[in-house]
Amino acid sequence: MDSVISVKNLKSYYVSSIFGKKITVKAVNDVTFDILSDEIVGIAGESGCGKTTLLNVLLGIVEPPLRVFDGEVLYSLGKNGDIDILRLDEEKKLQLRWQVVSYIPQGSMNILNPIRKIKKIFFDFAKSKKNLNKKEFELLLDQRLEDLKLPLRVKDSYSHQLSGGMRQRVAIALATIFKPKIVVADEPTTALDVVMQRDIIDLLGEIHENEKNTMVLVSHDLSIHSNMSDRIFIMYAGKIVEIGETEEIFEEPLHPYTKFLISSLPRIGDKSLKESVPGKPPSLSDLPEGCSFRERCPYAMDICEREIPDLEWKTSDHAVACFLHRG
Ligand SMILES: Nc1ncnc2c1ncn2[C@@H]1O[C@H](COP(=O)(O)OP(=O)(O)OP(=O)(O)O)[C@@H](O)[C@H]1O
Ligand SMILES: [Mg+2]
């Protein structure tokens, strides 16, 4: 399959100074991967490991104190050729956003303006992206609500009148109204109950199925990925430490961190006490020498203290960054 987004040696850090001391938070620390056409990629990892930062850079949203220090993010958009999103001017980036690549940000259901009816929010949003008259706009909105099986009455509601799950569905309808080729969603099910989570997963699955797009889905919850993603990228301390097909990640995890994440998942009928990953991740502004996971790793060896393991492909579709699997 063809690559749609190709990320090479990406380094993106937050740089600030506190009391005259420069602080560098290495949130995306030398990351390389491809996202393929029509697939759903799931990105998983503990809070603070850099998932949202990585998504922002993928979308070309790089604002101080965030800076890109190295690498590239290439979009392959068929007849438009390859586009380096990090070197594109703002106007061109805005032309791509929402129509070609769309973003459902973390907590998106809370960003719907509470003092405007949903219809008005849609209108303001669509008007700023496309030249539509009122009639065309109404048609587009009704069609989208129908596509996503949302009741037309939501148009005349205020966001606070809707349940959390409905607000999230509306936010997703809004972000995907132009049926973009690439949809990026950050924790779209967090803060929802289990039934609503299922509902949102089904909705994203339907959008993917019907519109044949590429999805990048961030969730710290691996069980969401097991239901949805074709491939999983495991992120730890600013790095991608394992990439594999979902089934393989669950059945044959290679990185000790991935093994911990999987063994800590609750399973039906299993009443044994679940262990969470021991210890804490390192500070991204003060990373230890060598492998960032070594202080929590039961298999750490001498080399792990000195060298940083590269992400290496063990088979054509399974890669890991760990000295246990080197060679
Ligand atoms: N504006 C900022 N300035 C400095 N550091 C920041 C800023 N925003 C985020 N960070 C730091 O960058 C690191 C990565 O944050 P990020 O939000 O990308 O993580 P995340 O994996 O999305 O976490 P979560 O699962 O909690 O959403 C964290 O250490 C965070 O504290
Ligand atoms: Mg986040």
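That block above? That's the structure.
All values reported here derive from a predicted model rather than from experimental measurement.

*Asks:* I'd like a description of the packing of helix α3 (residues 118-129) against helix α5 (residues 164-175), backed by residues and values.
*Replies:* α5 packs onto α3 with a crossing angle of 25 degrees between their chain directions and a minimal axis gap of 11 Å. The orientation of α3 with respect to α5, classified from their angle, is roughly parallel. Seen from above, α3 lies across α5 with right-handed handedness. Two secondary-structure elements touch here, α3 through Ile118, Ile121, Phe122 and Phe125 and α5 through Val170, Ala173 and Leu174. Taken together, the residues of the contact of α3 with α5 break down into seven nonpolar, no polar and no charged.

*Asks:* How would you explain the sheet that holds strand β4 (residues 66-76) if you had to name every residue and give the values?
*Replies:* Ordered by their spatial adjacency, four strands build an open sheet running β2-β1-β4-β5, and the pairing between neighbours is antiparallel. The sheet terminates laterally at β2 (21-36) and β5 (82-84), the two strands that pair on one side only. For this sheet the average axis-to-axis angle between neighbouring strands, irrespective of direction, equals 10 degrees. Here strand β1 (residues 3-18) runs beside β4; their pairing, made up of eight bridges, is antiparallel. Looking at the pairing, Lys8 lines up with Glu72 of β4. Of the strands in this sheet, β1, β2 and β4 are in contact with helix α1 (residues 51-58), which crosses β2 at around 65 degrees.

*Asks:* Quick one: what's the story with the sheet that holds strand β12 (residues 318-320), residue by residue and with numbers?
*Replies:* Strand order in this open sheet of eight strands is β6-β7-β8-β3-β9-β10-β12-β11, and the pairing throughout is mixed. The sheet terminates laterally at β6 (101-104) and β11 (312-315), the two strands that pair on one side only. The mean inter-strand angle of the sheet, taken between neighbouring strand axes irrespective of direction, is 20 degrees. Pairing analysis gives three bridges linking β11 to β12, with the strands arranged antiparallel. For Glu312, the partnering residue across the bridge sits in β12 and is Val320.

*Asks:* Residues and numbers for the coordination of the magnesium ion (ligand 2), please.
*Replies:* Protein coordination at the magnesium ion (ligand 2): the donors are Thr52 (OG1) and Gln106 (OE1), at 2.0 to 2.3 Å from the metal. A residue pair is termed long-range when its members are at least 10 positions apart, and Thr52 in helix α1 and Gln106 in the loop between β6 and α3 qualify at 54 residues. Classification of Thr52 as partly exposed rests on a relative accessible area of 26%. Of the residues examined, Gln106 reaches a relative accessible area of 46% and is grouped as partly exposed.

Cut-offs and rules
- Residues numbered from 1 in each chain as written.
- Chains lettered and ligands numbered in written order.
- Predicted model: local features only at pLDDT ≥ 70, side-chain atom pairs only at ≥ 80, totals over all residues.
- Heavy atoms only, no water.
- Axes fitted to C-alpha atoms, helices over the stretch in contact; angles between N-to-C directions.
- Helix = DSSP H or I, 4+ residues; strand = E, 2+ residues; numbered from the N terminus.
- Parallel < 35°, antiparallel > 145°, perpendicular 65-115°, else oblique.
- Left-handed = near helix turned anticlockwise from the far one by under 90°.
- Contact = heavy atoms within 4.5 Å.
- Nonpolar A, V, L, I, M, F, W, Y, C, P; charged D, E, K, R; others polar.
- Pairing = 2+ DSSP bridges.
- Donors = N, O, S within 2.8 Å, 3.2 Å for Na, K, Ca; no water.
- Buried < 20%, exposed > 50% of the residue type's maximum accessible area, 1.4 Å probe, protein only.

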